[in-house]
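Tertiary structure, described
Okay, here's what each chain looks like letter by letter:
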Amino acid sequence: MTDHTPAAPYRQPTFHPIPSFYGKSLPAVRLEADLYDCEIEGVVPPELNGTLYRLGGDMLYPTIGDADNIINGDGLMMKFRIEDGHVDFRSRYVRTQRYLTQRAARRRLYNEYRNPYTDEPDAPEIPDRDNTANTFAMWFDDRLFALREDSHPHEIDPETLETLEVFDFGGKLRSSALSAHTKVDPVTGEWWAFGLFAQRRFEGEVALIVADAHGELIREELFEAPYPGLMHDFAVTREHVIFDIQPLTVDLERAKAGGDFYAYDPELPSMWGIMPRSGTVADIRWFRAPDVVVGHIMNAYTEGTRVIVDAPVSPGNAFPFFTDVHGQPTDVDESFARITRLTFDLAGEHDEHDEPTVAPVPGAVGEMPRIDDRFAMEKYRYGFFKSAEGISRIDWETGELSTFPMLPPSLAHEPVFVPRSDDAPEGDGFIVTVVNHYHTNRGELLILDAQDLAAGPVARAKIPFAPHFTFHGSFARNV
Ligand SMILES: [Fe+2]
């Protein structure tokens, strides 16, 4: 006899908002879209022909209550293609193993951030469970990559945003991870990166990874950090490499018990390792920096015996969706960062008690710093960041701050600088940034004159929904 009993009706789990930074939560968007010819307000500068690529974490399937977070989201890439004053929009999820497996199952299988012990009992084992490909849309050597710090990049088709292959330098990369933040040397064209927990021992093992201007791996060295802490970004100057280990530590026993992969330890100083570029990882000198918690680096340079690092610095847990090591929530106010200049003096005898000088810029509360990338690794004048007031520029020569105001419920993404031309002076060009207007459920690409932010947008290219929040991106000229 055939059983004609209908299947139990499927009940979709609730989509919770995704816990994000500063104690905020954001809705999942879950949309792959194509929009030909965005509505434009103003005039898009002809110097801006090219494509802005951006990448962030969305959730194809529901966020798990409060234990989830935005850095655990599925990589969703967007592009704004600018051609002769017209702007076309496209967004596509990165087809990671995790995405494809969950999509086929039509449900969430892999749960908390980097914690397989929280997965659904029937979740198929996949080798790259943590690779959500969600952090940095990186343009390098005319290729587009979706970077994610615990695993290898996915290469993406710059035109269609289709996912190509996982990139590991043709099988040569030994590190299991390649950082989300990498640095391209504007002089040599080299691509500098690191791999945190490069052997998945989670004991503080870090790889230094360097490729030449054409993506050939030319250097990979392993060292042990002072403790198994988070390192999201790093810095390279013309003469030094700076590694920054943050007091959010990994404890596999905690993860096995269902706790967070990272937890904030207020007793630990951040640790800053400085290595001469001409040396090896054996030459790293470590400095300690109590009450200095850093996610991102704006820029860094070497001046004589001093290494200067500019970064948004928080006094406490900069990732407040992770608890402290006792499982307690941390103070969200201590996650707010101030643009700060750290100076490391390499002169004289060195010991493990050495600390940098720490000089916050008055009034410069903000994050997501960018620069004119042609001036990376050297003394520079301008930095751009998402500030408490809007989109801001700091002039390091005069100390002056200038701002295009933007207040909640509008939310700006990272401001990307595009020079007016390849030989324009530093800072002469445009800021391109995506803005979500949550009160109208609309979004836009905002184009500002980088030298006159306060004058307001030169142009806006509108999209008829508030897109997912994106972390980091690149502008590819004439692409
Ligand atoms: Fe980042």
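Our subject in this report is the structure included herewith. (Residues numbered from 1 in each chain as written. Predicted model: local features only at pLDDT ≥ 70, side-chain atom pairs only at ≥ 80, totals over all residues. Heavy atoms only, no water.)

**A word on the nonpolar core**
Ranked by size, the top nonpolar core spans 55 residues in total, and within it Ile 70, Met 231, Phe 234, Phe 243, Tyr 262, Met 298 and Phe 322 carry the most contacts. If one sorts the elements of this core by residue count, strand β18 (residues 240-250) sits on top with five residues. Dropping the residues within four chain positions of it, Phe 322 is found in contact with Asn 69, Ile 71, Tyr 113, Leu 248, Asp 260, Tyr 262, Asn 317 and Thr 330. (Core = buried A, V, L, I, M, F, W, Y, C linked by side-chain atoms within 4.5 Å. Buried < 20%, exposed > 50% of the residue type's maximum accessible area, 1.4 Å probe, protein only. Helix = DSSP H or I, 4+ residues; strand = E, 2+ residues; numbered from the N terminus. Contact = heavy atoms within 4.5 Å.)

**A short note on the coordination of the iron ion**
Each pair of donors in an ideal octahedron of six around a metal sits at 90 or 180 degrees, and each pair in an ideal tetrahedron of four sits at 109.5 degrees. Looking at the metal site, the iron ion is ligated by His 181 (NE2), His 232 (NE2), His 296 (NE2) and His 472 (NE2), spaced 2.0 to 2.2 Å from it. The coordination sphere of the iron ion comprises four donor atoms, whose angles at the metal cover 89 to 165°; the geometry is irregular. Sequence spacing of the donor residues for the iron ion, all on one chain, is H-x50-H-x63-H-x175-H. One end of the pair, His 232, is in the loop between β16 (229-230) and β17 (235-236); the other, His 296, is in the loop between β22 (293-294) and β23 (299-303), and 64 residues separate them in sequence. Taken as a pair, His 232 and His 296 share a single burial class, namely buried. (Donors = N, O, S within 2.8 Å, 3.2 Å for Na, K, Ca; no water. Tetrahedral: all angles 85-135°; square planar, octahedral: opposite > 155°, others 65-115°.)

**A few points about the side chain of Ser 474**
As for its position among the elements, Ser 474 is in strand β35 (residues 472-477). At 3.1 Å, the side chain of Ser 474 and the backbone nitrogen of Trp 139 are in polar contact. Aside from chain neighbours lying at most four places away, what touches Ser 474 is Thr 51, Leu 52, Tyr 53, Phe 136, Ala 137, Met 138 and Trp 139. (Polar contact = N/O pair within 3.5 Å; in protein donor to acceptor, adjacent residues only side chain to side chain.)

**A look at unusual backbone geometry**
What you tend to see is this: most non-glycine residues have negative phi, and most peptide bonds are trans. Note that the residue after Pro 408, namely Pro 409, is joined by a cis bond; omega there is 10°. Structurally, the position occupied by Pro 409 is in the loop between β29 (401-405) and β30 (410-412). A positive phi angle, near 60°, is found at Asp 37, a position not held by glycine. Relative to the elements of secondary structure, Asp 37 occurs in the loop between β3 (34-35) and β4 (39-42). Classification of Asp 37 as partly exposed rests on a relative accessible area of 36%. With a phi angle near 55°, Met 368 is a residue other than glycine that sits in the positive phi range. By the element assignment, Met 368 lies in strand β26 (residues 357-371). A relative accessible area of 7% places Met 368 in the buried class.

**Here's the deal with helix α1 (residues 97-105)**
Here α1 has its buried residues at Arg 98, Tyr 99, Thr 101 and Gln 102. The first or second residue beyond α1 is Arg 106, which carries a positive phi of 55°.

**Remarks on the pattern of salt bridges**
Taken as a whole and judged by the stated rule, the model has 37 salt bridges. The salt bridge partner of Lys 183 is Asp 233, with a shortest N-O separation of 3.1 Å. Highlighted residues: Lys 183 in strand β12 (residues 183-184) and Asp 233 in the loop between β16 and β17, separated in sequence by 50 residues. Given the relative accessible area of 1%, Asp 233 is considered buried. Between Glu 253 and Lys 256 there is a salt bridge; the shortest N-O distance is 3.7 Å. On the criterion of helical spacing, the pair formed by Glu 253 and Lys 256 is a turn pair, its members being three residues apart in helix α2 (residues 252-256). Judged by its relative accessible area of 54%, Glu 253 is exposed. Exposure remark for Lys 256: the relative accessible area of 45% places this residue in the partly exposed category. Through salt bridges with shared partners, one network takes in Glu 41, Glu 444, Arg 460 and Lys 462. (Salt bridge = Lys/Arg side-chain N within 4 Å of Asp/Glu carboxyl O.)

By themselves, these are just geometric observations and shouldn't be taken as functional.
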